[in-house]
Structure formats: C-alpha cells, structure tokens
Amino acid sequence: MKAMEKIQRRRSVRSYDPRPVEPEIKERLRQLFQEHNTGPFGTAVRFALLDFEELDPREIKSLGTYGMVRGARLYILAAVKDVPGSQLDLGYCLEKIILEATAMGLGTCWLGGTFRRSSFARQMGLAEDELMPAVTPVGYPAESAALQDRVARVGARSTQRKPWSELFFSADGKTPLTENEAGAYRDALEAVRLGPSAKNRQPWRIVRDEKGRYHLYLKEDRIINRAFGKIRLQHLDMGIAMAHFELAAREWGIEGRWEPRAAAVPLPGLEHIALWEE
Ligand SMILES: Cc1cc2nc3c(=O)[nH]c(=O)nc-3n(C[C@H](O)[C@H](O)[C@H](O)COP(=O)(O)O)c2cc1C
C-alpha cells in the first residue's frame, strides 16, 4: 500500500471488535518496534505491547481511558528519556508504526490525555528518567462505531483540517504556498495536513525558504501542549508531521532527511523544529 493511502486511511478508532488480534500480527507489531526505534533527533524510543489476555481483571480495570476507548484488548505503549527532541522522535516513530498497523487493517487512536497514565506506566516499568507521553489501542475496528466514538469525533472536529493557506507559506512566512507551487512536494505537504494532532489543533506550519528548502515550525497552544507536566503533546504532533512528510516525499523519489539543528529565519509566534534537506 502506498504511503499516501495509509495516511488517508488512518483515523482515530475508539470502538473495537472483540475479535482478538492474531499471534502472528502481535509478532509483526513487535518487529515494527525494532524497525522504528530512532527518530531524526537521534533519541531511542522504547515500545511495549500490553496484552490484556496476560493480565488479571483487577489490573485491566485500572487501565482506564475515561470511557474514550471501547473494546480494546491490546495497547502499544511508548516511552522516551526526558531529553531534547525525544518526544518529537516518539511522535515520528509511533506514527510510522501506526501507519503500518493501518495497512494491516488494524485501528489505532493516539491517546495523550484520556488514559490513566500512571497505571499504564506501571505496566511498562517506566524508569525514573523516562516519560510515557502517549499510548494507542490497537485492534480490529468495530463494525459500527459506538455512540461515544461518534461523539468524540464531533467533539474534536476530527474530520476537519485547516486549508493549505493557513498552514504552508513562502519564504516571507506570510504568503500562502499554493499546491501548484509545491510541485513534487505537493503530496508531502498534503500528508502533513492530513495528520492526526492533539485535539485536532493542527499546530504544524511549513515555510519554503528562498533556496526551496522546507522548514517545519510549531505554532504552540500552551494549554494543550503543557497540560501534562513534562509531556509536550504538540511535540508528538510535530514528530507525526515529520513522518508523514518524509514518507510521502520518498514516494516521489525525493531523497532527503530532517535536520534538527539547522539555522532558520525566526518567525513571530512560531518555534522552529527542523529543516528538510535534500
Ligand atoms: C498527540 C495526540 C494526542 C491525542 N490524545 C487523544 C486523547 O487523549 N484522547 C482521544 O480520544 N484522542 C486523542 N487524540 C486523537 C485526536 O483527537 C485525533 O487525532 C484528531 O481529532 C483527528 O482525528 P483523526 O485521528 O480521526 O484524523 C490525540 C492525537 C494526537 C496526535
């Protein structure tokens, strides 16, 4: 399956079918953890598969999602050391795994807020210097989405995405970049636009500089980004954006990579995250 197709197909699934995930699929997920364990910022991401089949009912009860997720029996947990760039790397790596899971017919849902972080962390054996910014259920989507699934989607306005003109800009940081002007990068930018983000806030901004290089910026919403201590939910969003951009660009035969430590023109209200270099 093409990267764009996976990106278009992925959506947050909050109601799951009771049908268990087969052992060979679980094995494949564990393999993906190995294949996607470092990101552009060079930090290591640790993953674990939490299988309710292996837990006793009391433990399962402690692993709540505040009613957000129904029927899931399997979760991917992700942890990083609390060092600069690590949460960007986690967003990048986990989204690549999520897109592979999507291609396998599995549903997922990034959870950065509505889950019992301390109970899940205990299951992961989280070290003192580690953070567990997010988890995702993984399983077969229920045939018909439960009411709370539909309510959650409407609440987060999940199907709405900002138009190109609010996200992508020319070198001055103000003039919108059109799809035509983006040329071979059209899909890469569209892939960013279709990405999931915390509360669907879509904090990614991309500026193409005079040399034709693409800079990724964060337009921070401090309330969302800093709601959970040292966790930065919008850094996860930016990591997801980097994964989407890269996967779509590769499909166009564009060789390049994200360079975190590049100099950039400072833009008011925006935090520079990385530069895409061919
Ligand atoms: C970093 C991050 C954290 C999220 N946290 C939650 C969460 O705690 N609970 C939840 O129900 N959805 C959560 N979401 C899912 C978003 O609401 C969802 O991605 C967005 O509304 C877009 O919908 P879509 O994923 O169906 O395209 C999160 C998404 C991201 C990327």
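Preceding block: the structure.
Each chain has its residues counted from 1, running along the sequence as written. Local features in this predicted model are restricted to residues of pLDDT 70 or higher, and side-chain atom pairs are both shown and tallied only at a pLDDT of 80 or more, whereas totals for entire chains, interfaces and linings draw on every residue.

## Considerations on the nonpolar core
Working step 1: Ranked by size, the top nonpolar core spans 74 residues in total, and within it Leu-77 and Ala-78 carry the most contacts.
Working step 2: Think of it this way: any DSSP run of H or I at least four residues long counts as a helix, any run of E at least two long counts as a strand, and we number them from the N terminus. At 11 residues, the largest contribution of residues to this core is made by helix 11 (residues 233-251).
Working step 3: Here this core gathers at least three residues from each of two domains, domain 1 (3-143) and domain 2 (155-277).
Working step 4: Here the contact rule is simple: place C-beta atoms from the backbone, and any two residues whose C-beta atoms are within 7 Å are in contact. Apart from residues no more than four positions distant in its own chain, Leu-77 is found in contact with Phe-47, Ala-48, Leu-50, Phe-120, Gln-123, Met-124, Met-132 and Val-135. A set of buried Ala, Val, Leu, Ile, Met, Phe, Trp, Tyr and Cys residues, joined through C-beta atoms within 7 Å, is what we mean by a nonpolar core. In this scheme every C-beta is placed from the backbone, and a residue whose C-beta has 20 or more other C-beta atoms within 10 Å is buried, one with 12 or fewer is exposed, and one in between is partly exposed. Domain start and stop positions are those given by an automatic or database domain assignment.

## Quick word on the site of the ligand
Working step 1: Residues in close proximity to the ligand total 22 residues, the closest being Gly-112, Gly-113, Ser-158, Pro-196 and Asn-200.
Working step 2: Top contributing element to the shell around the ligand by residue count: helix 11, with four residues.
Working step 3: Counted by class, the shell around the ligand contains 12 nonpolar, seven polar and three charged residues.
Working step 4: Residue-level mapping places the shell around the ligand at the junction of two domains, with at least three residues from each of domain 1 (3-143) and domain 2 (155-277). By definition, a residue lies near a molecule or strand provided its backbone-derived C-beta atom is within 6 Å of it. The classification used treats Ala, Val, Leu, Ile, Met, Phe, Trp, Tyr, Cys and Pro as nonpolar, Asp, Glu, Lys and Arg as charged, and all other residues, Gly among them, as polar.

## Looking at the packing of helix 4 (residues 86-103) against helix 11
Helix-helix packing is described using two parameters, namely the angle between the two axes and the distance between the axes.
Working step 1: Axis definition: a line fitted to C-alpha atoms, over the contacting stretch in the case of helices. Angles run 0 to 180 degrees between N-to-C directions. Running from N to C, helix 4 and helix 11 point in directions that differ by 50 degrees, and their axes come no closer than 7 Å. With respect to their mutual orientation, helix 4 and helix 11 come out oblique. Of the two possible hands of crossing, helix 4 and helix 11 adopt the one that is right-handed. On helix 11, the residues that touch Gln-87, Leu-88, Asp-89, Leu-90, Gly-91, Tyr-92, Glu-95 and Lys-96 of helix 4 are His-235, Leu-236, Asp-237, Met-238, Gly-239, Ile-240, Met-242 and Ala-243.
Working step 2: For the contact of helix 4 with helix 11, a count of residues per class yields eight nonpolar, four polar and four charged. Oblique is the label for any angle not under 35 degrees, not over 145, and not in the 65 to 115 range, which are roughly parallel, roughly antiparallel and roughly perpendicular in turn. Less than a right angle of anticlockwise turn of the near helix away from the far helix marks a crossing as left-handed, whereas a clockwise turn marks it as right-handed.

It is worth stressing that arrangement in space is one thing and function is another; only the former is reported here.
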